[in-house]
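Each chain, letter by letter, is given below.
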There are 2 protein chains.
Amino acid sequence: MNKSYQLIIVGGGPAGLTAGLYAARSRLHTLLLEKAGFGGQITNAEDVDNFPGFPQGINGMELGDLIHKQATKYGLETALAEVKGIEVGDGRKLVRTSEGDFEAKAVIIAGGSEFAKLGVPGEAEYTGKGVSYCATCDGAFFRDQAVAVIGGGNAAVTEAIFLTKFASRVVLIHRRDHLRATKVIQEKAQANPKIEFILSSVVEAIEGDTLVRRLRLRNLKTKQQSTLDVSGVFVFVGLKPNTDYLISTVKLDDDGHIAVNQNMETSVPGIFAAGDIRRDSIKQAIAAAGDGAIAAVSAERYLEG
Amino acid sequence: MNKSYQLIIVGGGPAGLTAGLYAARSRLHTLLLEKAGFGGQITNAEDVDNFPGFPQGINGMELGDLIHKQATKYGLETALAEVKGIEVGDGRKLVRTSEGDFEAKAVIIAGGSEFAKLGVPGEAEYTGKGVSYCATCDGAFFRDQAVAVIGGGNAAVTEAIFLTKFASRVVLIHRRDHLRATKVIQEKAQANPKIEFILSSVVEAIEGDTLVRRLRLRNLKTKQQSTLDVSGVFVFVGLKPNTDYLISTVKLDDDGHIAVNQNMETSVPGIFAAGDIRRDSIKQAIAAAGDGAIAAVSAERYLEG
C-alpha cells in the first residue's frame, strides 16, 4: 500500500520549506520530499544579504538550516527521495519516487532549479576536476590559483567576489558587453583588485590534462580566439527548472517553468507550484518563500473545499 | 520644485521595506514614505512564529526593525509622510503627501491595511478608553481584569493567547460557529484555561462610564441578547486596505484591494502594488516581503525599458 498524506511537497528549498511550515501549522498531514539536502539553491550562497530580517547578511547554509528547523518544529514530516513522476487520477495524486510511491490529495511542486551547463567540450569531463557549479563548496581548493567565473548575473558576480578570498586572480567571462547583476554587487566586484572582466566573450572549450589547465575563448564582437590559463572554472550561466519529469503532468511554458496563476495553482486542480520552478519567478529566496506560503494557503483551501 | 526620484515606495511594512531593500541594492534613487512607524502591521504582533528564518519566533516590532535596518543600510531614503493622492501624467507620477509633493517615474504602493472597525455604538467613543486594536500596545493595562477579543482569525486568537499574560479572563467572541485561525493556534487557545469562547455571537454595543464596563451581545442562532462585563475590548475583525485615496488612480477590486498581475503591475504603467493592499494577498508578512521583491524587480525593469 502507498503511504498516504493530505499534502505532499516536492522540494526542500525556501519555497518548499515555507509551504511545509504553513501546512504543518495548519495541521495538514504533510510529507516533504527532498532529493539532496534541505535548504535548496540558497545553501550554495556564501552570503545572503537580501533576505529581509538579516541586516548583517547570513550564510546560505545557515539560512536553509533555520527554515528547515522551523518547518519541522511544527510536525512537518520529511524524507530524502527523488521524485520520478506524478500521476493524477480520480482526486488522488500518486507521487513516484526513488524510495517508493506516496499518495496525497494535493501536491505542491517546489523542486527549484539547477545551474545550467555551458554545453562545451571538456565541461562534463572536468566536472569535479576544476569545473564547479558551487563556489562555496569548491572555492577553497583554488588557493593562490587563477580561476574563471562564467556568467554576468548575481550568482556569477557574487561568487566571483567570494572566490577572491582564495584565488590569486578571478577572471569573470560574460557573453554580453555589460553585466546583468544588481548594481551594488557590480560595484563591489569592480572595486576588487583581484577581479578582471572579459566581456562580449564565450568559452568554446575547457582543456587540461588530469585537471583543468586553460579555457579557449572567443570574442563575439571581434570573432578573435584566445586562451586563458586557469585551474578552476565556476559556471553560473542561469538556472534550469527541474521539470523534465512533469512534461505530461502539468502545463509548462516554453522554458520548462510551471504555468501558475496568482494563487500558485497549476493547470491541474490540487497541484500547486512555488518558487524558482514556476513561471515568472524572480529567482530570489524571499519571493520563493512567499510563494510557498501562498501555495500552502491555496492547498489548504483546496483540501477543505 | 518637487523633489524628484526614480522610484517612490508608499508604505514601510515588510512589503515596502523589502521593495526598498531591492531597489536600493539596484541603486535606484528611491524614497520610501511611511505615515506612522516603520515595520507595518507586523509590529502589532507579539510573537511571529511563521516568518521563515526565525525558528524560535520573533517579536513583531523587532522583525520590523531588522528589515528597516537592512533596507536603509543600502542607501534607501525614507520619510515620515502620509500620502494623500497620486497623480499620473506624462510618464511622471506626482505623489501628494502631508509633507509636500514628490515625484517619480515609478511608484510601488505597499500601504498595507488597517484593522477594520466593528461599527457598533460605543466603539469610537471608547477607543483608547478600553477599546483597542493592538494587544501588544495596550494589553498590560488590563492586568487581572476581564477582557474580550472580537474575531476568529489568526490575529484574534493569537492576541487572545497573548492577553492571558495580563488579563484574569479572556473571552473570545466570534460571529461564526467555528474559528478561522490556523489549527496550531486554535489548539493553543483551547488548551489555555484563561480563554473562553462565545461563538455564533456578535457585539451590538460597547457600554461604560468614563471607561468600558460591558458588552451587549446577541447570539445569531438563538437571537438572544446578553451582557458581558469586561474592562477591555480588543477588536480583530479583519483588515481594510488603505486605498481610499487611490479610487481614481488605479483599478481596485470590490473590496478596495489593488488589482495586480503576477509581476505586481497595476492598471497604470509604472505603478506597482505589493503586500496586503493588493488583490488576493494572503495577508502574511512573508508573502508581503516576497511581493515587495517582485515589485522592485518589475519597477527596475520598467525604469530601464
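If you're wondering where the values come from, they're calculated on a predicted model, not measured in any experiment.

**Q** Help me understand the relation of the copies chain B and chain A in this model?
**A** Both copies of the chain are related by one operation, a rotation about an axis with a shift along it. Least-squares fitting of chain B to chain A yields an RMSD of 0.0 Å, with the superposition described by an axial translation of 0.0 Å and a rotation of 180 degrees. Such a turn and shift between the copies fits a two-fold axis. Within chain B, B:G290 has its C-alpha nearest the rotation axis, a separation of 2.4 Å. Looking at the interface residues of chain B, 100% of them are also at the interface in chain A, so both copies use one shared face.

**Q** What exactly am I supposed to notice about unusual backbone geometry here?
**A** Glycine aside, residues mostly have negative phi, and peptide bonds are mostly found in the trans state. Residue and element names in this part refer to chain B. Positioned with a positive phi, D90 is a non-glycine residue whose angle comes to about 55 degrees. With respect to the element layout, D90 can be found in the loop between β4 (83-89) and β5 (92-97). A residue is classified by how much of its surface remains accessible, and D90, at 82% relative accessible area, is exposed. Its identity is not glycine, yet M264 carries a phi of approximately 65 degrees, on the positive side. Along the chain, M264 turns up in the loop between β16 (239-241) and β17 (271-273). For M264, a relative accessible area of 3% translates into the label buried.

**Q** Just checking my understanding: could you explain the interface of chain B and chain A for this structure?
**A** One frequent convention defines the size of an interface as the accessible area lost when the parts assemble. The interface is formed by 43 residues belonging to chain B together with 43 residues belonging to chain A. Between chain B and chain A, roughly 4000 Å² of surface is buried when both sides are summed, and carbon and sulfur atoms account for 55% of that area. Ranking the residues of chain B by area buried against chain A places B:R25, B:P55 and B:Q262 at the top, with a combined share of 18%. At the surface where chain B touches chain A, the tally comes to 2 salt bridges. Between A:E187 and B:R27 there is a salt bridge, with the nearest N and O atoms lying 2.9 Å from each other. Where the side of chain B that touches chain A is concerned, the elements lending two or more residues are α1 (14-25), α2 (60-73), α5 (183-190) and α6 (285-304) of chain B.

**Q** Sorry, what's going on with the nonpolar core here?
**A** Most often, soluble globular proteins have nonpolar side chains that are buried together. Ranked by internal contacts, the top residues of the largest apolar core, which has 207 residues, are A:I8, A:F51, A:L215 and B:L215. Among all residues touching A:L215, those that are not within four sequence positions of it are A:A148, A:I150, A:I173, A:V203, A:A205, A:I206, A:S226, A:T227, A:L228, A:V230 and A:V233.

**Q** Looking at this structure, how should I read the domain arrangement of chain A?
**A** All names here are of chain A. The domain boundaries assigned to chain A delineate domain 1 (3-114 + 239-304) and domain 2 (131-235). For domain 1 and domain 2, the distance between their C-alpha centroids amounts to 32 Å. Across the domain 1 to domain 2 interface the summed buried area is about 460 Å²; carbon plus sulfur atoms make up 42%. The largest share of the area that domain 1 buries against domain 2 comes from N44, E46 and D47, three residues that together contribute 77% of it. Inspection of the domain 1/domain 2 interface yields 0 salt bridges. If you look at where domain 1 meets domain 2, you find 2 residue pairs in polar contact (both at pLDDT 80 or more). Residues of the side of domain 1 that touches domain 2, tallied by class, amount to 1 nonpolar, 2 polar and 1 charged.

**Q** Is there a simple way to think about the state of the cysteines in this case?
**A** Working definition: the covalent bond between the sulfur atoms of two cysteines is a disulfide. Residues and elements named next belong to chain A. Tallied over the full model, the rule gives 2 disulfides over all chains. Through a disulfide, C134 is tied to C137; the S-S separation comes to 2.0 Å. With the S-S dihedral at roughly 75 degrees, the linkage between C134 and C137 falls on the right-handed side. Judged by its relative accessible area of 7%, C134 is buried. Its relative accessible area of 47% is what places C137 among the partly exposed residues.

**Q** Where do I start with the environment of B:A191 in this structure?
**A** Looking at the secondary structure, you find B:A191 in the loop between α5 and β11 (195-198). B:A191 sits 158 residues away from B:L33 along the chain, and the two C-alpha atoms are 42 Å apart.

**Q** What is the right way to read the side chain of B:E34 from this model?
**A** Residues and elements named next belong to chain B. Along the chain, E34 falls in strand β2 (residues 30-34). For the buried residue E34, which engages in no salt bridge, the nearest side chain bearing the opposite charge is K35, 7.1 Å off. Among the polar contacts listed, one links the side chain of E34 to the backbone nitrogen of A36, at a separation of 2.8 Å. Here E34 is in contact with G11, G12, G13, A79, L80 and A81, once residues within four sequence places are set aside.

**Q** I tried to follow the sheet that holds strand β15 (residues 232-235) of chain A on my own but got confused; where do I start?
**A** The strands that make up a sheet pair up through hydrogen bonds in the backbone, lying either parallel or antiparallel. Pairing within the open sheet is parallel, and its 5 strands lie in the order β8-β15-β9-β10-β11 (chain A). The open sheet has two edge strands with one neighbour each: β8 (131-132) and β11 (195-198) of chain A.

**Q** What should I look at first to understand the pairing of strand β13 (residues 212-219) of chain B in this one?
**A** Working note: regular strand, side chains alternate between the two faces of the sheet. Residue and element names in this part refer to chain B. Relative to β13, strand β12 (residues 201-208) is paired through 7 bridges, and the arrangement is antiparallel. Bridge pairing in β13 links I206 to L215. Taking the residues between adjacent antiparallel strands as the criterion, β12 and β13 are bridged by 3 residues. Summarising the sheet, β13 and strand β14 (residues 225-229) pair through 5 bridges and their orientation is antiparallel. Bridge assignment links L217 to a residue of β14, and that residue is S226.

**Q** Would you mind going over helix α6 (residues 285-304) of chain A with me for this structure?
**A** Because an α-helix completes one turn every 3.6 residues, residues spaced three or four positions apart along the sequence face the same direction. The end-to-end C-alpha distance of α6(A), which contains 20 residues, comes to 29 Å, matching closely the 28 Å that a straight helix rising 1.5 Å per residue would cover. The buried fraction of α6(A) is high, at 17 of 20 residues.

**Q** Where do I start with the environment of A:S168 in this structure?
**A** Residues and elements named next belong to chain A. On the secondary structure map, S168 appears in the loop between α4 (154-163) and β10 (169-173). Judged by relative accessible area, which is 40%, S168 ranks as partly exposed. Counting along the chain gives 24 residues from S168 to D144, while the straight-line C-alpha distance between them is 4.4 Å. Beyond its immediate chain neighbours, meaning those up to four positions away, S168 contacts D144, Q145, A146 and K194.

**Q** Sorry, what's going on with the pattern of salt bridges here?
**A** Side chains carrying opposite charge are able to pair once their charged atoms draw close together. All names here are of chain A. Scanning the entire structure with this criterion turns up 25 salt bridges over all chains. Among the salt bridges present, the one from D209 reaches R213, with a minimum N-O distance of 3.0 Å. Classification of R213 as partly exposed rests on a relative accessible area of 37%. Each member of the salt-bridge network shares a partner with another, and the members are E87, R96 and D101.

**Q** I keep staring at the sheet that holds strand β14 (residues 225-229) of chain A and nothing clicks. Help me out?
**A** Residue and element names in this part refer to chain A. The strand order across the open sheet built from 3 strands is β12-β13-β14, with neighbouring strands paired in antiparallel fashion. Taken across any chain shown, the strands that pair with only one partner, and hence form the sheet edges, are β12 (201-208) and β14. Each adjacent strand pair in this sheet contributes to an overall mean axis angle of 25 degrees, direction not counted.

The rules behind each value
- Residues numbered from 1 in each chain as written.
- Chains lettered and ligands numbered in written order.
- Predicted model: local features only at pLDDT ≥ 70, side-chain atom pairs only at ≥ 80, totals over all residues.
- Heavy atoms only, no water.
- Least-squares fit on C-alpha atoms with pLDDT ≥ 70 in both.
- Contact = heavy atoms within 4.5 Å.
- Helix = DSSP H or I, 4+ residues; strand = E, 2+ residues; numbered from the N terminus.
- Buried < 20%, exposed > 50% of the residue type's maximum accessible area, 1.4 Å probe, protein only.
- Buried area = accessible area lost by both parts, 1.4 Å probe.
- Salt bridge = Lys/Arg side-chain N within 4 Å of Asp/Glu carboxyl O.
- Core = buried A, V, L, I, M, F, W, Y, C linked by side-chain atoms within 4.5 Å.
- Domains from an automatic or database assignment.
- Polar contact = N/O pair within 3.5 Å; in protein donor to acceptor, adjacent residues only side chain to side chain.
- Nonpolar A, V, L, I, M, F, W, Y, C, P; charged D, E, K, R; others polar.
- Disulfide = S-S within 2.5 Å.
- Lys, Arg positive; Asp, Glu negative; His and termini not counted.
- Pairing = 2+ DSSP bridges.
- Expected span 1.5 Å × (residues − 1).
- Axes fitted to C-alpha atoms, helices over the stretch in contact; angles between N-to-C directions.

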